Structure formats: structure tokens, C-alpha cells
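# Chain and residue survey
Listed below, chain by chain, are the residues.
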Amino acid sequence: MIESELLTMAYPPLLVFAAAILVWLLPRAVGFTFGALSLAAVLAISLVVPEGSYLTGTFLGHFDVVPFFVDPFSRFVGIGLGLLGVCTVIYAYSSGASRTFTAIALSYVASSIGAAFAGDWLVLVFMWEIMAITSTVVVWYYGGDAVRAGYRYALLHGTGGVLVMFAVAAHYVTTGTFVYDLSAGLADGLPQLLAMLGMGVNVAFIGLHYWLPDTYPRPSFVASAFLAAYTTKTSAFILYRAFPDDGHLFLAYMGGLMSIYGATFALLQHDMRALLSYHIQAQLGYIVAGIGIGTSIATAGAIGHLFNNILFKSLLFMAVGVVIYRTGENDLYELGGLWREMPLTAIAFGLGAFSITAIPGFNGYVSKGMLFDAADPHYFGAPEYEALYWLLYIGAIGTLLSFIKLGYYVFFHGESDIEVPDAKPGQVIAMFGLGGACLLFGVWWQGFADLMPVIEESTHTFMANGAEKHLHPYSPSHRRTAATLTAISLVTFVIVRKPLSKLEFTDPGSIIYPIGYYLGRWSMLATTNLYAAVDRLAVAFVKRWYWIGNNPVLAVDAAARRLPMVDVAERQPADGGRPSTIHLRAGIGTTVLLLTVALTIVIWLLV
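All of the points below concern the structure found in this document.

In terms of regular secondary structure, the chain is built from 24 helices and 6 strands. Split into buried and exposed, the 607 residues of the chain put 53% on the buried side. For the chain, restricting intrachain contacts to residue pairs at least 6 apart in sequence, the fraction spanning at least 24 positions comes to 79%. For the chain, the accessible area works out to roughly 26500 Å², and carbon and sulfur atoms hold 68% of it.

Now the structure itself:
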């Protein structure tokens with residue numbers, strides 16, 4: 001048995017980074033085995049390492065850093081990321097993913113785990129940027145349309161990363177430290193504003209979300225299975241780190257609107273992975289709403305739903321990926337009757353669909369119910385969150401409608417006109433591993449609650465309205481709510497099924513890219529033309545003074561001629577009239593470097 005003390009010496013991201021190198025260098029089966037084992041180690045570390053700070057130190061001899069920090073929140077997220085990682089590596093191996101691609105994907109996973117376990121904002125920014133770079137390469141690896149989508153993805157996430165970096169810098173100026181304040185998060189004012197904008201990109205705030213449906217349907221289906229969880233869920237967790245206290249009304253209502261917006265546009269999609277991508281935004285909406293409310297039950301529900309999303313969202317991308325892998329078809333309206341051809345895939349999809357739609361007996365029912373209770377003034381919500389409760393309620397109906405539609409058209413509508421094999425053994429193992437966890441944590445909700453932060457272990461109690469309350473996810477009122485939502489959704493689907501199949505609206509968020517393109521193009525042209533104008537002026541200035549230095553008398557004569565009533569005799573240039581031969585050889589890069597060095601020296605002298 002591995003001692004927990006030994007595990008504290010193992011830095012989880014480093015284990016996965018090392019495994020990524022081994023996957024790239026070793027024979028395929030051996031390398032993938034190391035990849036799965038490294039993530040199993042992350043799972044084990046998350047389960048058994050005592051709470052505390054590990055690998056503490058200083059950066060540049062001045063800044064305190066905590067690369068490896070374990071508390072109930074990072075432990076919980078680490079368990080989810082580790083479990084998912086094992087399943088995705090198995091899925092990638094069985095799906096024929098190359099060693100190079102999987103090595104890149106594991107580097108991406110490692111950076112996500114590093115961000116989750118970071119105990120200070122400096123390490124977080126470092127891991128955040130690696131996560132953005134590696135996830136972009138995961139998208140690019142597939143080629144084709146994924147390259148353009150990956151470029152747009154990189155630009156938007158790069159911008160978000162810069163805003164987060166500025167937020168962290170402003171936080172340091174205000175507080176004098178990068179180490180997390182677990183009770184207060186980032187400093188009020190400018191740091192929180194910048195963080196909300198920067199992190200809002202990764203968690204798909206409305207208006208900053210279109211990279212999700214634009215990017216995730218374009219690379220390989222294996223890449224989509226990796227991408228489905230790590231960026232968005234890790235970022236939602238970091239959003240909680242930045243805003244751990246309650247009362248962020250903007251965040252709460254942004255989450256409620258995200259749940260409706262994502263579910264609505266998911267319902268209008270033909271592409272299966274685009275539908276799932278919009279539902280990433282919808283489910284993130286529930287998490288963001290819980291973070292915004294910030295009470296004990298809301299926080300537990302938000303982090304619990306984040307954990308559950310890691311499981312069922314990746315499961316759904318895996319199941320849809322198998323359908324695409326076997327049929328070569330992305331459009332759900334071109335499929336049908338596949339449950340006879342692919343019963344195991346259909347069951348796996350059902351496990352994920354029942355989980356995300358919060359059907360009793362599955363994990364999503366437990367966490368989503370907690371978020372409903374946190375917003376409902378009749379349970380533990382404040383009066384100002386009553387409208388939020390109804391936003392989440394409508395979002396839940398949209399989620400049910402979307403997955404009824406997806407399951408109906410892919411697996412049950414009509415007869416399949418093609419014969420295709422079911423999922424490969426490794427794909428089945430990965431899908432049922434995640435699906436089994438979704439079912440386990442729905443039935444054995446007590447075990448799920450024991451893992452949750454904020455909820456008291458064994459007693460399953462939490463503080464609400466100044467009193468101790470007990471968690472009762474399967475109370476009659478909760479079951480009635482679930483039954484009502486399901487009934488409304490089934491009836492609505494019967495009514496709207498045919499007209500819905502003819503609808504396909506463009507997401508207003510798509511205008512961001514053409515606007516961004518033209519703004520970028522115009523700003524680039526403005527910048528380069530300005531640089532060229534300054535360059536011409538600088539060269540003309542230097543040439544003029546070079547000539548004056550060689551011909552001082554002629555220069556005086558030329559100046560005198562400009563004066564009225566002055567008669568100047570003609571003279572010959574000392575240099576024979578030759579133009580200046582001075583050449584400026586520094587390009588823009590060297591010029592910027594020289595200016596940076598000069599400014600650094602000036603600042604150093606001033607300090």
C-alpha cells in the first residue's frame with residue numbers, strides 16, 4: 001500500500017507531463033499504459049493526500065508560490081480530472097489516436113490539473129497559458145477546418161489569458177502577495193473586473209462563448225472527448241477561487257441566462273457535437289449561477305455539478321464520437337434506428353443523457369437539485385434569486401428537450417439503413433467507466449456528498465439561513481420537480497418535433513468573428529502604417545542631421561535664405577553633393593528590443 005506521505009512528494013502535473021513524453025517515445029501500447037497510469041496516480045493522490053500546501057517556495061527569490069495545494073475543493077476536482085483522464089486515454093487508444101496526438105493531449109491535461117492544484121495566482125497564470133497553448137495544438141492537429149477554428153480559438157483565449165494576467169498583477173499591487181486568499185479570492189475592484197472578463201472567455205459567458213460551438217465540432221472525435229471537460233471545468237473552478245464569497249448577483253444571473261441560451265441553441269443544432277458544445281455552456285451556466293449565489297448549498301452544488309459535468313459531458317462526446325467514427329455522419333437528422341446496430345453505444349449515451357438531464361438515480365439529479373434549492377426562495381434562496389430559479393428551471397426543460405431530440409433522431413427514429421459495428425472494447429470500457437460513475441453517484445448519493453466540499457461528511461449537513469440543514473435529494477418535493485420537468489419536456493417535444501427539424505438559426509455570437517477579423521485587420525493596418533510613417537520621419541530626420549554635420553556652412557546658408565532681406569552666395573557642398581549614405585539596419589523586432597532595454601534601464605535607474 002502506498003503511504004500518503006510518499007504521494008505528497010509527487011507533483012500531479014509533472015507525472016502527467018512525464019507520461020506525455022513516454023507516450024511520444026515508447027511503443028504505442030506501452031506509452032498509453034503509462035499515460036493511463038499517470039492519471040490513475042493523480043486520482044490516487046487526490047483521494048489520499050492530506051490537506052495542506054506542498055512544494056512551496058519563492059519565484060525569483062521574492063514571490064511566494066504554492067504549486068501544489070490540496071484542500072477539499074482541489075481534491076474533489078482532482079478526483080474528477082484523474083478519473084476522466086484514465087477513461088479518455090483508454091478511449092483514445094481504442095479509437096486509434098496517434099502517439100503524437102495523445103502526447104499533446106496529455107500535456108493539455110497536465111496543465112489543467114496543474115491549474116486545479118495551484119495554490120497561488122502566479123502558478124495559475126503559468127498553467128492557464130500552457131493550457132491555452134496545448135489545447136490549441138490539440139485542435140490544430142486534425143488539420144482542415146480545425147486549423148482556422150484553432151486560430152480563432154487561440155486569439156480569443158490568448159486575449160482572455162492576458163486579461164487574467166493583468167488581473168493577477170493588479171491583485172498583487174493591491175495585496176502584496178500572489179498566494180490564494182481562500183475566503184476573499186481576488187482583490188475587489190479592477191482585479192475582479194479583469195478576472196471576470198478573462199475567465200468569462202473560458203467559461204463561455206454569453207457574448208464570449210462562440211468559440212465553443214465553433215471549435216469543438218471540428219477536430220477529431222477523440223480530441224473533442226479531451227476538450228469537452230478540461231478547459232471549461234478547470235476554468236469554472238478557478239472562477240470559484242476568484243469569487244469564493246457570496247453575493248455576486250451579476251455572476252448568478254449570467255449563469256441563469258447561460259443555461260437558457262446554451263440549451264436554446266443546442267435545440268436548434270443539426271451537428272451532434274455542436275449540440276453538445278452548446279450544452280457545455282448551458283451546464284456551465286448552472287455552475288456559474290451557484291458560484292454567484294455563493295451560499296454553502298450553492299457552492300456545494302456548483303462544485304458538485306462541475307464534478308458531474310466532467311463525467312457525463314465527456315461520456316456524451318465519447319458516445320457521439322463512436323457514432324461519427326462508425327457512420328462518418330455528423331448530422332443527427334441523417335441518422336436513425338442505430339440502437340439495433342449499436343446497443344452498447346446507445347446505453348452509454350443513455351447513461352450520459354439521463355445524467356445531464358437530472359433524471360432521478362443519476363448524479364446530475366443530485367447536484368442540479370442542490371442548485372435549484374440554492375436559488376429557490378421556498379428552500380434556501382434569497383428573494384433576489386427567485387427570477388434566477390425560473391431561469392434555471394427553463395434551462396432544465398431546454399436540456400431535456402435537446403437530449404430527447406438527440407437520442408430520438410440518432411438511435412430510435414425509423415430504421416437504420418446501414419449496418420455498422422458497435423463500439424470497440426476500449427471505447428466501451430471508457431464509456432461505461434464514466435457512465436457507471438454517473439449512476440453510482442446518483443444512487444449512492446451519500447458517497448457523493450461525502451466527497452463534496454462544504455457538506456459535512458457522514459451527517460450530510462450544511463449551513464443555511466443561520467441553521468444546520470440536512471441534504472435530502474430524494475425528498476418527495478424534489479422527485480415531483482424532476483417528474484414535472486420530464487413530463488413538460490416530453491409533451492413539448494411531441495408538439496415541436498416536426499417544426500423543430502426545419503429550424504436552424506445562426507448564433508448571434510457568430511458575428512464576433514467577422515467583427516474581430518475586420519477590427520484586427522484594420523488595427524494591424526493602422527499600426528503598420530503608423531510605424532512606417534514614424535520610420536520615414538525618423539530616417540529623414542537622421543539623414544538631414546547627417547547632411548548638416550557634413551555641410552555646416554551650407555546648412556547655415558540654407559537657413560539664412562529662408563529669412564527675408566538676406567542675400568546668400570552660392571557655395572559647393574563639402575561632400576560633393578552626395579546624399580547621405582547612413583543606413584538604419586534595425587528591423588521592428590530589434591527596435592522593440594532596444595527600446596525595451598532602454599526603458600528597463602531608465603526604470604531601474606528611477607527605482
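On we go.
Glancing now at the pairing of strand β6 (residues 467-470). Each regular strand shows side chains that alternate between the opposite faces of the sheet. Looking at chain direction, strand β5 (residues 461-464) and β6 are connected through 4 bridges and run antiparallel. In the strand pairing of β6, M463 is matched with E468. Where β5 hands over to β6, the hairpin turn is made up of 2 residues, of which N465 adopts a positive phi near 55 degrees.

Glancing now at helix α5 (residues 99-117). Here α5 spans 27 Å end to end across 19 residues, near enough to the 27 Å set by a 1.5 Å rise per residue. For α5, the buried fraction is high: 17 of the 19 residues fall into the buried class.

This paragraph deals with the packing of aromatic side chains. What describes a pair of aromatic rings is the distance from one ring centre to the other and the angle between the planes of the rings. Across all of its chains, the model carries 39 aromatic pairs by this definition. Ring geometry for F101 versus F226: centroids 6.2 Å apart, planes at 70 degrees, classification edge-to-face. Taken as a pair, F101 in helix α5 and F226 in helix α10 (residues 221-227) lie far apart in primary sequence, 125 residues in all. F101 gets classed as buried once you look at its relative accessible area, which sits at 4%. In this structure F226 comes out as buried when scored by relative accessible area, which is 1%. Put simply, the rings of Y286, F372, Y389, W390 and Y393 pair up and form one aromatic cluster. Sitting over the ring of F32, R28 keeps its end group 4.8 Å from the ring centre.

Looking now at the layout of surface pockets. Roughly 350 Å³ of internal volume is contained in the second largest pocket. Around the second largest pocket sit 18 residues that line it, and F349, G350, A353, F354 and F403 are the ones nearest its centre. Looking at the lining of the second largest pocket, the elements that each hand over two or more residues are α16 (343-356), α18 (386-412) and α21 (476-501). Among the residues making up the lining of the second largest pocket, the classes are represented as 14 nonpolar, 4 polar and no charged.

Once that is clear, we can look at empty space enclosed by the protein. This model, assessed by the stated rule, comprises 1 cavity of 30 Å³ or more. The computed volume of the largest cavity comes to approximately 40 Å³. Contributing to the lining of the largest cavity are W128, M131, A132, S135, Y153, H157, N202 and T231. Broken down by element, the lining of the largest cavity gets its largest block of residues, 4 residues, from helix α6 (residues 121-140). Partitioning the lining of the largest cavity into residue classes produces 4 nonpolar, 4 polar and no charged.

Attention now goes to unusual backbone geometry. Backbone geometry at A204 places phi at a positive 65 degrees, although glycine is not the residue there. Residue placement: A204 occurs in the loop between α8 (190-202) and α9 (211-215). With a relative accessible area of 0%, A204 lands in the buried category. The phi torsion at S458 lies on the positive side, around 70 degrees, for a residue other than glycine. Relative to the elements of secondary structure, S458 occurs in the loop between α20 (445-451) and β5.

Let us look at the packing of helix α4 (residues 72-94) against helix α11 (residues 230-242). Two numbers describe how α4 lies on α11: the axes approach to 12 Å, and their chain directions differ by 175 degrees. When the axes of α4 and α11 are compared, the pair comes out roughly antiparallel. Seen from α4, the contacting residues are F73, S74, V77, L81, L84, G85 and T88; seen from α11, they are Y230, T234, F237, Y240 and R241. When grouped by side-chain class, the residues that make up the contact of α4 with α11 number 7 nonpolar, 4 polar and 1 charged.

Our focus in this paragraph is α16. An ideal rise of 1.5 Å per residue puts 20 Å on 14 residues; α16 measures up with 20 Å between its terminal C-alpha atoms. With 10 of 14 residues buried, α16 is to be regarded as a mostly interior element. Within α16, burial applies to T345, A346, A348, F349, G350, L351, G352, A353, S355 and I356. In the core, the buried residues of α16 are packed alongside α13 (272-293), α14 (296-327), α15 (338-341), α17 (363-375), α18 and α19 (425-443). Within two residues after α16, A358 carries a phi angle of roughly 65 degrees, on the positive side.

A separate point is the pattern of salt bridges. For the structure on display, the rule yields 4 salt bridges. Note that R241 is salt-bridged to D71, the shortest N-O span being 2.9 Å. You can see R241 sitting in helix α11 and its partner D71 sitting in the loop between β4 (68-70) and α4, a full 170 residues away along the chain. Each member of the pair, R241 as well as D71, carries the same accessibility label: buried. Its salt-bridge partner being R340, residue E415 comes within 3.8 Å of it at the nearest N-O pair. Of this pair, E415 sits in the loop between α18 and α19 while R340 sits in helix α15, placing them 75 residues apart in sequence. Sharing partners across several salt bridges, the network here consists of R152, D214 and R218.

Right, let's get into the packing of α14 against α16. Their axes nearest at 9 Å, the elements α14 and α16 cross at an angle of 150 degrees. Looking at the two axes, α14 sits roughly antiparallel to α16. Judged by the sense of rotation from one axis to the other, the crossing of α14 with α16 is left-handed. Contact residues: α14 offers F312, K313, L315, L316, A319, V322 and V323, while α16 offers T345, A348, F349, L351, G352, A353, S355 and I356. In terms of residue class, the contact of α14 with α16 is made up of 11 nonpolar, 3 polar and 1 charged.

Moving on: the side chain of D373. As for its placement among the helices and strands, D373 is situated in helix α17. No salt bridge is formed by the buried D373, whose closest oppositely charged neighbour, R480, lies at an N-O distance of 11 Å. With near-sequence residues (within four places) excluded, D373 lies in contact with Y379, F380, G381 and H478.

So, on to a nonpolar patch on the surface. Where nonpolar side chains cluster on the molecular surface, the patch consists of W140, V147, Y151 and L155 and spans about 390 Å² of accessible area. Top contributing element to the nonpolar patch by residue count: helix α7 (residues 145-175), with 3 residues. By the element assignment, L155 lies in helix α7. Classification of L155 as partly exposed rests on a relative accessible area of 47%.

Cut-off values and rules
Residues numbered from 1 in each chain as written. Predicted model: local features only at pLDDT ≥ 70, side-chain atom pairs only at ≥ 80, totals over all residues. Heavy atoms only, no water. Helix = DSSP H or I, 4+ residues; strand = E, 2+ residues; numbered from the N terminus. Buried < 20%, exposed > 50% of the residue type's maximum accessible area, 1.4 Å probe, protein only. Contact = heavy atoms within 4.5 Å. Areas by Shrake-Rupley, 256 points an atom, 1.4 Å probe, with all protein chains shown as cover. Pairing = 2+ DSSP bridges. Expected span 1.5 Å × (residues − 1). Phe/Tyr/Trp six-rings, centres within 6.5 Å; stacked < 30°, edge-to-face > 60°. Lys NZ or Arg CZ within 6 Å of the ring centre and 35° of its normal. 1 Å grid on protein atoms, 1.4 Å probe; cavity = no way out; pocket = protein on both sides within 12 Å on 5 of 7 lines; lining within 4 Å. Points joined across faces, edges and corners; volume = space filled by probe spheres on them. Nonpolar A, V, L, I, M, F, W, Y, C, P; charged D, E, K, R; others polar. Axes fitted to C-alpha atoms, helices over the stretch in contact; angles between N-to-C directions. Parallel < 35°, antiparallel > 145°, perpendicular 65-115°, else oblique. Salt bridge = Lys/Arg side-chain N within 4 Å of Asp/Glu carboxyl O. Left-handed = near helix turned anticlockwise from the far one by under 90°. Lys, Arg positive; Asp, Glu negative; His and termini not counted. Patch = residues over 30% accessible without salt bridge, like charges linked within 9 Å, V, L, I, M, F, W, Y side chains within 5 Å.

Fair warning: the whole summary comes from geometry, so function is off the table for now.
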